[in-house]
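Chain and residue survey
What follows is each chain in one-letter form.
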Amino acid sequence: MDYFDIAETWDRKTLEEVQVSRLKTSMAQAMKSPFYSRRLKEAGVTPDDIRSLDDLRRIPTTSKDDLRAQYPYGFIAVPKEELVRLHVSSGTTGVPTAVYHTREDLASWADLMARCMYMVGLRPGDVFQNIAGYGLFTGGLGIHNGAERLGCLTIPAGTGNTKRQIKIMRDFQTTAVHIIPSYALYLAGAIEEEGEDPRTLPLRIALVGAEPHTDASRRRIEELFDLKAYNSYGLSEMNGPGVAFECVYQNGLHVWEDAYIAEILDPDTQEPVPEGETGELVMTTLCRRGMPLLRYRTRDLTRFLPGPCPCGRQHRRLDRILGRTDDMMILKGVNIYPMQIERILMSFPEVGDNYLITLDRKDNVDNMTVKVEVRPEHFVEDMRALHALQRNITRRLRDEILVTPIVELVESNSLPKSEGKAKRVMDNRELH
Ligand code: ADP
Ligand code: ZN
């Protein structure tokens, strides 16, 4: 096996020893920030108290609200003149938060990112098209710098302008892309509309992430373009992409535990969940100087996958992200995640690339409507076939989520598309 970084070869014992020693350093660094100097003093914990990984639990968690309350500068742990980059999270769930980086922070982020890309087979010589927002969104510059660090010919394509994206792919014979999964599905359709088969493009690898998606969606992307798609996980607060990434075995995302400590906690009690169970991912930076974060509550729900990975890396693997704690819908007393619905929808070959879940309240009764785009070749089928499809989808959804949604089949490309992360749920209930 071929590695980008020596840390990928470390065994558990080495990894955990490194984590303990880096945690002490990271804590000491964090205490230079106004927020942590106060927070850790209140908690009565110092770096000297950390003797094993279990001692991590003596450190209080940090929430998104803490970040917001300290906006803009309360988490900075170096003199301001050492900071060279600022990113702001895309604000999918409300007020944005700011994250700062020193020059060394950016270099180690690029190393982590290059490591992910090398792991799935990207090499110098690859033509890499980064279809991601180059603004404050970390998927733009974050992935870009990793690709350059690795030595790929990197094209900062940005988002939107689908025709130009396709032209770039053709003209420069793009071999690898970074793309949001919902846009990848859309792009395949757009290429077909131009009379071309996406499978004939020389693309061989896609990095997909930034939003929850199912394995079924990934397989669909792989088939549509005839490539391998690898799940990429990250969040601005932990730099951005490059936190956890699938290896070629596509069996969960290795967390780079030499740079982060990952915990899975019960979101209500903040106690660790039993091994292998789903909970909230909580992350600690081990190598960041500009803005260390200790036990940051990501609000993303996932679990650790058991057992070793055939690739040999001993970095633990996370399961695909189920959603955010705040994505959970409660309907008639039942907890439902959008990904449960996507998983069912994508298992129907007739279903197209976009769907929208709407929640409404009428006479104090909650209802869910799922609008589903149907592929053009199926939409022209006779009414009976469409009715049967609608009934089948309804039944399978009811079996999965235990409430019966109203399923509406709509024409391809008729639902709103977003350029960035897809918006899958519209909850109109608060408005009444
Ligand atoms: P925002 O929180 O405003 O969306 P970020 O750009 O920092 O801003 O997004 C990070 C979030 O995106 C993660 O916390 C997670 O919810 C989601 N995300 C990122 N990568 C993935 C992925 N591979 N699978 C599922 N969700 C992801
Ligand atoms: Zn692996």
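Our subject is the structure listed above.
All values derive from a computational prediction rather than experimental measurement.

Remarks on the sheet that holds strand β12 (residues 296–302)
If you trace the 4 strands from one edge of the open sheet to the other, you get β10-β11-β12-β15, paired in antiparallel fashion. Bordering the open sheet on either side are β10 (260–265) and β15 (323–324), each of which pairs with just one other strand. Of the strand pairs in this sheet, strand β11 (residues 279–285) and β12 are connected by 4 bridges, and their pairing is antiparallel. Within β12, the position partnered with M283 by the bridge is Y296.

Regarding the coordination of the zinc ion (ligand 2)
Tetrahedral coordination by four donors puts the ideal angle at the metal at 109.5 degrees, and octahedral coordination by six puts it at 90 or 180 degrees. Those donors, C247 (SG), H254 (NE2), C309 (SG) and C311 (SG), are the protein atoms that reach the zinc ion (ligand 2), and they lie 2.1 to 2.3 Å from it. Between the 4 donor atoms coordinating the zinc ion (ligand 2), the angles at the centre fall across 102 to 118°, so the site counts as tetrahedral. Between the donor residues of the zinc ion (ligand 2), the gaps in sequence give the motif C-x6-H-x54-C-x1-C. In this pair, C247 is assigned in the loop between β8 (240–246) and β9 (253–255) and C311 in the loop between β13 (304–305) and β14 (317–318), connecting sequence segments 64 residues apart. Across the pair, exposure class does not vary: C247 and C311 are buried alike.

Remarks on the pattern of salt bridges
Taken as a whole, this structure holds 37 salt bridges when the rule is applied. In this structure, the salt-bridge partner of E196 is R170, at a minimum N-O distance of 2.5 Å. Of this pair, E196 sits in the loop between α7 (181–193) and β6 (205–209) while R170 sits in helix α6 (residues 162–172), and the two are 26 residues apart along the sequence. Relative accessible area serves as the criterion here: at 30%, R170 is assigned to the partly exposed category.

Focus: the side chain of T62
Assignment of secondary structure puts T62 in the loop between α2 (34–43) and α3 (64–69). Ignoring any residue separated from it by four or fewer positions in sequence, one finds T62 in contact with F35, Y36, F75, L294, R295, Y296 and R297.

Re helix α5 (residues 138–150)
Taking 1.5 Å per residue as the helical rise, α5 with its 13 residues ought to reach 18 Å, and the 18 Å between its terminal C-alpha atoms agrees with that figure. The set of residues buried in α5 consists of T138, G139, G140, G142, I143, H144, G146, A147 and L150. Lining the buried residues of α5 we find β1 (83–88), α4 (103–119), β3 (127–130), β4 (153–155), β5 (176–179) and β8. Trailing α5 by a residue or two, G151 shows a phi angle of about 105°, which is positive.

With respect to a negative patch on the surface
Together, E192, E193, D197, E377 and E381 make up a negatively charged patch on the protein surface. We classify E192 as partly exposed; its relative accessible area is 41%.

Here's the deal with the nonpolar core
Grouped together as the largest cluster of nonpolar side chains are 65 residues, with contacts concentrated most on M117, L122 and F128. At 7 residues, α4 tops the list of elements feeding residues into this core. Counting 26 residues, the second largest nonpolar core, distinct from the first, contains M339, M346, V370 and L389.

What to know about the pairing of β5
In β5, alternate side chains face the same way, and those of A176 and H178 on one face and V177 and I179 on the other are all buried. Sheet analysis places β3 next to β5, joined by 3 bridges and oriented parallel. Among the inter-strand pairings, N130 is bridged to a residue of β5, identified as H178. Here 4 bridges tie β5 to β6, and the two strands are oriented parallel to one another. Residue pairing for β6: I179 is matched across the bridge by V208. Between the parallel pair β5 and β6, the chain is carried across by α7, and the sense of this crossover is right-handed.

Definitions and cut-offs
Residues numbered from 1 in each chain as written. Chains lettered and ligands numbered in written order. Predicted model: local features only at pLDDT ≥ 70, side-chain atom pairs only at ≥ 80, totals over all residues. Heavy atoms only, no water. Pairing = 2+ DSSP bridges. Helix = DSSP H or I, 4+ residues; strand = E, 2+ residues; numbered from the N terminus. Donors = N, O, S within 2.8 Å, 3.2 Å for Na, K, Ca; no water. Tetrahedral: all angles 85-135°; square planar, octahedral: opposite > 155°, others 65-115°. Buried < 20%, exposed > 50% of the residue type's maximum accessible area, 1.4 Å probe, protein only. Salt bridge = Lys/Arg side-chain N within 4 Å of Asp/Glu carboxyl O. Contact = heavy atoms within 4.5 Å. Expected span 1.5 Å × (residues − 1). Patch = residues over 30% accessible without salt bridge, like charges linked within 9 Å, V, L, I, M, F, W, Y side chains within 5 Å. Areas by Shrake-Rupley, 256 points an atom, 1.4 Å probe, with all protein chains shown as cover. Lys, Arg positive; Asp, Glu negative; His and termini not counted. Charge placed at Lys NZ, Arg CZ, Asp CG, Glu CD. Core = buried A, V, L, I, M, F, W, Y, C linked by side-chain atoms within 4.5 Å. Right-handed = clockwise from strand over helix to strand, strands pointing away.

So yeah, pure geometry; function would need other evidence.
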